[in-house]
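Letter by letter, the chains look like this.
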Amino acid sequence: MSDFSQLRLRSDLLGNLASLGYEAMTPIQAASLPHVLNGRDVIAQARTGSGKTAAFGLGLLDKLDVERFRIQSLVLCPTRELADQVARELRKLARAIHNIKILTLCGGQPIGPQIGSLEHGAHIIVGTPGRVGDHIRKGTLQLDHVAMLVLDEADRMLDMGFQDELDSIVGQLPASRQTLLFSATYPEQIASIAERVMHDPERIEVETSHSGQSIQQRFYPVNNDDERIEGLRLLLIKHRPDSAIVFCNTKVETETVADALRSIGFTALPLHGDLEQKARDLVLVRFANKSATVLVATDVAARGLDIDDLDAVFNFHVARDLDVHVHRIGRTGRAGSTGLAFTFFSEKERYKIDALAERTGIKIKEASLPAANQRNQTTYKPPMVTLQIDGGKKQKVRPGDILGALTGEDGVPGKAVGKINVTDTNAFVAVTRDHAKQALAKLSSGKLKGRSFRARRI
Ligand code: AMP
């Protein structure tokens, strides 16, 4: 039932799927692709990691006529990060189609080069509503040949206040188009946008239980926030996850909890919607390269994070919505490992735990926290540290240069070097804690591309 070859899909796309190692359709793909390929409008409720990008990506690539060098598809995403991720996946899926041009248009980046690229033309635009809207107003983006519109993570775009911008973009598109809407949750607002921009949509929901995933859930009764923080401390020390997310219900709470964890010695970073893109990128780099142990995040800010090997997830409070709870804990226990999901709840929140038990059929046992008398048990540090170099793509610094500079004579061993991220003006390299000093000295005294750059530990 889930074989891609059952679909009426272009043969070059099919052949490439095999070479990508996509052997079978994921549930969301199996449920949505037949409708998408039939030209129907589709609303699909699916989370990140479900294979949703390929579900719409194959649809839009199948429909595309490469010979007609016009913008034929528009994919709108809430953030630059997600847009980049989507564009990457589309390029992978499109490998077998030659001369296909996919362009990303996101805010936080200079508009000039984007205008230049648009003048050269493109088949597919992936972008954020704000920047796409800017281009439309400037007259630099013509959308009158768009045959397919995709709204990815539509719920999050609405959360971020993009409603009016979305309406105005959709107003520029031909009425006779296909529209696909992907959303993790299905609040009232989505129903209303679907009503306005879609035509007789097929609604698809796939089971959001985490089949194949192994997650141990534990529930801890607490009386107040101090007890939640103490619980966090004890559980972190006991389980020593390298990467954990603490979910909070508000922005202010993420700051408070991250501060509290830092003050007792953990490397914890807050992540919420008020962070500027640069600050957000830095938080994500540090968390993904394992130089920060704990990310303290709101649901909205954590959505679309491309980090899926979390050792543990904590719910500081019970989520407001059961779907959100299921989502949160689904970020751990992937790829064959057992994940841990810890939830703190007060007497006032007990009804939510009961509803969760009823809904998911799991039996909820109240757990007790590790003994608090282990005071001498200390916190622990992440395995890596991040070094920042004041030079990036603009200075033609590449990951290979950094690796070379670090591991040359008197350098650190190659296996002490972790992820390397290069942005326009900076580079970030993770090195093991033991080698941090030596690595910093090596970077500060050596040269990259024949130039000296300043480097520091962050
Ligand atoms: P997404 O939910 O779109 O972010 O996709 C999650 C990951 O699953 C991506 O890394 C995809 O490359 C991968 N993926 C998507 N569809 C398949 C499939 N049918 N088989 C194997 N991997 C897939």
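Keep in mind that this is a model prediction, so the values were computed, not measured.

S.K.: Explain the layout of surface pockets here, please?
M.R.: Any empty space left between the atoms is revealed when a probe the size of a water molecule rolls over them. Reported here for the largest pocket is a volume of approximately 1,500 Å³. Along the wall of the largest pocket there are 42 residues; nearest its centre are Arg-80, Asp-84, Asp-281, Val-422 and Thr-423. At the level of elements, helix H4 (80-93), strand S3 (102-105), helix H5 (111-120), helix H12 (277-288) and strand S15 (417-422) are the ones that each hand at least two residues to the lining of the largest pocket. Top element by residues in the lining of the largest pocket is H12. It accounts for eight residues. A per-class count over the lining of the largest pocket returns 14 nonpolar, 14 polar and 14 charged.

S.K.: Is there a simple way to explain the packing of aromatic side chains in this structure?
M.R.: Each aromatic ring pair is described using two quantities: the centre-to-centre distance and the angle formed by the ring planes. Under the counting rule described, the total for this entry stands at five aromatic pairs. Both rings, one in Tyr-220 and one in Phe-342, keep their centres 6.1 Å apart while their planes meet at 45 degrees; by these two values the pair is tilted. Taken as a pair, Tyr-220 in strand S8 (residues 214-221) and Phe-342 in strand S13 (residues 338-345) lie far apart in primary sequence, 122 residues in all. Assigned by exposure class, Tyr-220 and Phe-342 land together as buried. With centroids separated by 5.0 Å and ring planes inclined at 35 degrees, the aromatic side chains of Phe-314 and Phe-342 adopt a geometry described as tilted.

S.K.: So what exactly am I meant to see when it comes to empty space enclosed by the protein here?
M.R.: Enumeration according to the criterion identifies three cavities of 30 Å³ or more in this entry. When its volume is computed, the largest cavity comes out at roughly 150 Å³. Lining the largest cavity are 13 residues, and of these Asp-299, Arg-303, His-327, Arg-328 and Arg-331 sit closest to its centre. When contributions to the lining of the largest cavity are tallied by element, the ones reaching two or more residues are helix H13 (299-302) and helix H14 (322-329). By residue number, the principal contributor to the lining of the largest cavity is H14, which donates three residues. A class-by-class count of the residues in the lining of the largest cavity yields three nonpolar, four polar and six charged. When residues of the lining of the largest cavity are assigned to domains, at least three fall in each of domain 1 (4-205) and domain 2 (215-374). As for the second largest cavity, its lining consists of Ile-389, Ala-405, Leu-443, Gly-446, Lys-447, Leu-448, Arg-451, Ser-452, Phe-453, Arg-454 and Ala-455. Of the residues contributing to the lining of the second largest cavity, the split by class is six nonpolar, two polar and three charged.

S.K.: Can you help me understand the nonpolar core in this one?
M.R.: Judged by nonpolar contacts, the single largest core of 43 residues is most densely connected at Leu-61, Ile-124 and Val-126. Of all elements in the fold, only helix H1 (11-20), helix H2 (27-37), strand S1 (42-45), helix H3 (52-63), H4, strand S4 (124-127), strand S5 (148-151) and strand S6 (178-183) reach the threshold of two or more residues within this core. In this view, Ile-124 contacts Leu-60, Leu-61, Leu-64, Ser-73, Leu-90, Ile-100, Lys-101, Ile-102 and Leu-103; residues no more than four positions away in its chain are not counted. The next biggest cluster of nonpolar side chains, apart from the first, holds 30 residues, and it includes Leu-103, Met-157, Ile-193 and Val-197.

S.K.: Is there a simple way to think about the site of the ligand in this case?
M.R.: Of all residues adjacent to the ligand, which total 13 residues, the nearest are Tyr-22, Gln-29, Gly-49, Gly-51 and Thr-53. With respect to the ligand, the side chain of Glu-89 contributes an N or O atom lying 2.9 Å from an oxygen atom. Sorting the residues of the shell around the ligand by element identifies H3 and H4 as the ones contributing at least two each. Taken together, the residues of the shell around the ligand sort by class into three nonpolar, seven polar and three charged.

S.K.: So what exactly am I meant to see when it comes to the domain arrangement of the protein chain here?
M.R.: Interface size, as often reported, equals the accessible area lost upon joining of the parts. What the domain assignment lists for the protein chain is domain 1 (4-205), domain 2 (215-374) and domain 3 (384-457). The gap between the C-alpha centroids of domain 1 and domain 3 is 37 Å.

Cut-offs and rules
Residues numbered from 1 in each chain as written. Predicted model: local features only at pLDDT ≥ 70, side-chain atom pairs only at ≥ 80, totals over all residues. Heavy atoms only, no water. 1 Å grid on protein atoms, 1.4 Å probe; cavity = no way out; pocket = protein on both sides within 12 Å on 5 of 7 lines; lining within 4 Å. Points joined across faces, edges and corners; volume = space filled by probe spheres on them. Helix = DSSP H or I, 4+ residues; strand = E, 2+ residues; numbered from the N terminus. Nonpolar A, V, L, I, M, F, W, Y, C, P; charged D, E, K, R; others polar. Phe/Tyr/Trp six-rings, centres within 6.5 Å; stacked < 30°, edge-to-face > 60°. Buried < 20%, exposed > 50% of the residue type's maximum accessible area, 1.4 Å probe, protein only. Domains from an automatic or database assignment. Core = buried A, V, L, I, M, F, W, Y, C linked by side-chain atoms within 4.5 Å. Contact = heavy atoms within 4.5 Å. Near = heavy atom within 4 Å. Polar contact = N/O pair within 3.5 Å; in protein donor to acceptor, adjacent residues only side chain to side chain.

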